[in-house]
Every structure is written in C-alpha cells, then in structure tokens.
Amino acid sequence: TTCDPGTQLHDGTTLVAGTCDLGASAMTITEERQANIDFSDPYYDSLQSLLVRADSGITAIGDLAGKTVGVQQGTTGENYTIENSPEGTEIVSYPSDGELWPAIQAGQIDAILQDQPVNVEHERADSTYVIVEEYDTDEQYGFAFAKGEKTELREAINAALQELRDNGT
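Because the structure is predicted, anything quoted here is derived from the model rather than measured. (Residues numbered from 1 in each chain as written. Predicted model: local features only at pLDDT ≥ 70, side-chain atom pairs only at ≥ 80, totals over all residues. Heavy atoms only, no water.)

Re the environment of Asn84
Line of reasoning, step 1. Along the polypeptide, Asn84 turns up in helix α4 (residues 76–84).
Line of reasoning, step 2. As a C-alpha pair, Asn84 and Gly62 span 22 residues in sequence and 8.3 Å in three-dimensional space. (Helix = DSSP H or I, 4+ residues; strand = E, 2+ residues; numbered from the N terminus.)

Here it is in structure tokens:
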C-alpha cells in the first residue's frame, strides 16, 4: 500500500508504523531523512520555485521582506525558505499544497515556495499566478521505505527504475 503525502510520511512516522509499504510523495533524499528512512535510487531532480500573483511586484526571493510566504512543513521548500529569505519575511507552514494553493488564492499569503512541478501546475491552471524564480537544491526524489524493511520491494523498484533509464523512458 502507499500513503497519502504529509508530514507524517515525510518524517517516516507512517512508514515505521507499518501503515504503508512505500512512500511516493516527491520526497527528497536527505541525510536527515536517511537516518530514519530507506530510499530507492533517485528518480527525479528536485527543484524549488517561487509562485506569486503576477501583479504582486515580487520578482525574486529577495523581495519577500515584509511579505508572507507559504511553505509545506517538513520539506526542502521550508528549509530553503528559512535559509534564504530576507529578514522580515513571515514564513507560514502548511501541511500540504492542498492548503497552500487556497491560501494564496484567498490572499492569506503572498507567495508559495515549494516543489517546482507543483507550482508549474498552478501557473498553468491560473494565469493570475507566475513562477518568478527556480532554485536548484541539488536534491533528488526517491521512494521511501521503513528503515531496514521492505528490502525486496526497494530492490524491485530500483530494478524497474534502471530499466526505465536503460530503455530511455
């Protein structure tokens, strides 16, 4: 079984509890997570991006002083925002994009800093919003497993990923 995304998946709680066999939620492979979670081979290079209203006047992360930026808690986007936004930026953490997107639409936040593919979908769906910057974090996504468990499943997934790489898919 797979689990729904969220903080409990990203910190490994649901995997350790045996609630699911596999986490497939655009999880970046980090040293901190690897202490508690086993990962498949990487399958996608993770970029972050900054999404704003097109008429906001925000053109870069440096423009966020005095603004409110929404992030998904426990993610690379949250860490990147904390480390790189200017002093005076208010950072609000949400459980998932399911709360971030309505928050920016309602004017509760001025920007969203999160995984680039998610922001691309918002930009495509509503031309009121634009991505103004992308950030390379040198991280990659991997499928997640409870530490020391599901070895056979992890190996099968790694073999399938290699097959996809080999055949160009």
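A look at the packing of aromatic side chains
Line of reasoning, step 1. Within this structure, the stated rule accounts for five aromatic pairs.
Line of reasoning, step 2. Considering the side-chain rings of Tyr44 and Tyr141, the 5.2 Å spacing of their centres and the 15 degrees angle between planes classify their relative orientation as stacked. Highlighted residues: Tyr44 in strand β2 (residues 44–53) and Tyr141 in strand β6 (residues 129–141), separated in sequence by 97 residues.
Line of reasoning, step 3. Among the aromatic residues, those joined into a ring-pair cluster are Tyr43, Tyr44, Tyr141 and Phe143. (Phe/Tyr/Trp six-rings, centres within 6.5 Å; stacked < 30°, edge-to-face > 60°.)

Quick word on the sheet that holds β6
Where strands meet in a sheet, backbone hydrogen bonds hold them as pairs that are either parallel or antiparallel.
Line of reasoning, step 1. One open sheet accounts for five strands, arranged β4-β3-β5-β2-β6; its pairing is mixed. The open sheet has two free edges, formed respectively by β4 (90–94) and β6, since each of these has just one partner strand. The average angle at which neighbouring strand axes cross in this sheet is 20 degrees, direction not considered.
Line of reasoning, step 2. Relative to strand β5 (residues 111–115), strand β3 (residues 68–72) runs parallel, the two being bridged by two bridges. (Pairing = 2+ DSSP bridges. Axes fitted to C-alpha atoms, helices over the stretch in contact; angles between N-to-C directions.)

Topic: the pairing of β5
Line of reasoning, step 1. A large share of β5 lies buried, amounting to five of its five residues.
Line of reasoning, step 2. Direction of pairing for β2 relative to β5: antiparallel, over a ladder of five bridges. Its bridge partner being in β5, Leu51 is matched across the sheet by Ile112. (Buried < 20%, exposed > 50% of the residue type's maximum accessible area, 1.4 Å probe, protein only.)

Brief notes about helix α5 (residues 97–105)
The periodicity of an α-helix, 3.6 residues per turn, causes residues three or four places apart in sequence to face the same way.
Line of reasoning, step 1. Where α5 is concerned, the buried positions are Asp97, Leu100, Trp101, Ala103 and Ile104. Each buried residue of α5 lies within a common arc of 160 degrees when the element is viewed along its axis, so the set occupies one face.
Line of reasoning, step 2. Its buried side turned inward, α5 meets β2, β3, β4, β5, α6 (116–125) and β6.
Line of reasoning, step 3. The opening residue of α5 is Ser96, an N-cap whose side-chain oxygen sits 3.1 Å from the backbone nitrogen of Gly98.
Line of reasoning, step 4. Gly107 sits one or two residues past α5 and shows a positive phi near 80 degrees. (Arc of directions from axis to C-beta. Contact = heavy atoms within 4.5 Å. Polar contact = N/O pair within 3.5 Å; in protein donor to acceptor, adjacent residues only side chain to side chain.)

Let's talk about the side chain of Asn119
Line of reasoning, step 1. Along the chain, the position of Asn119 falls in helix α6.
Line of reasoning, step 2. Polar contacts involving the side chain of Asn119 include one to the side chain of Gln114, which spans 3.0 Å.
Line of reasoning, step 3. Those residues in contact with Asn119, other than ones at most four positions away along the chain, are Ser49, Leu50, Leu51, Ile112, Gln114 and Ile131.

Details of α4
Line of reasoning, step 1. Turning to α4, its buried residues number three or more, namely Thr76, Gly77, Glu78, Tyr80 and Thr81.
Line of reasoning, step 2. In this fold, the buried residues of α4 make contact with β2, β3, β4, β5 and β6.

Regarding the pattern of salt bridges
Line of reasoning, step 1. Within this structure, the stated rule accounts for four salt bridges.
Line of reasoning, step 2. The salt bridge involving Arg53 is made with Asp55; its shortest N-O contact spans 3.3 Å.
Line of reasoning, step 3. For Asp55, a relative accessible area of 60% corresponds to the exposed category.
Line of reasoning, step 4. For Glu121, the salt bridge goes to Arg124, with nearest N and O atoms at 3.0 Å. (Salt bridge = Lys/Arg side-chain N within 4 Å of Asp/Glu carboxyl O.)

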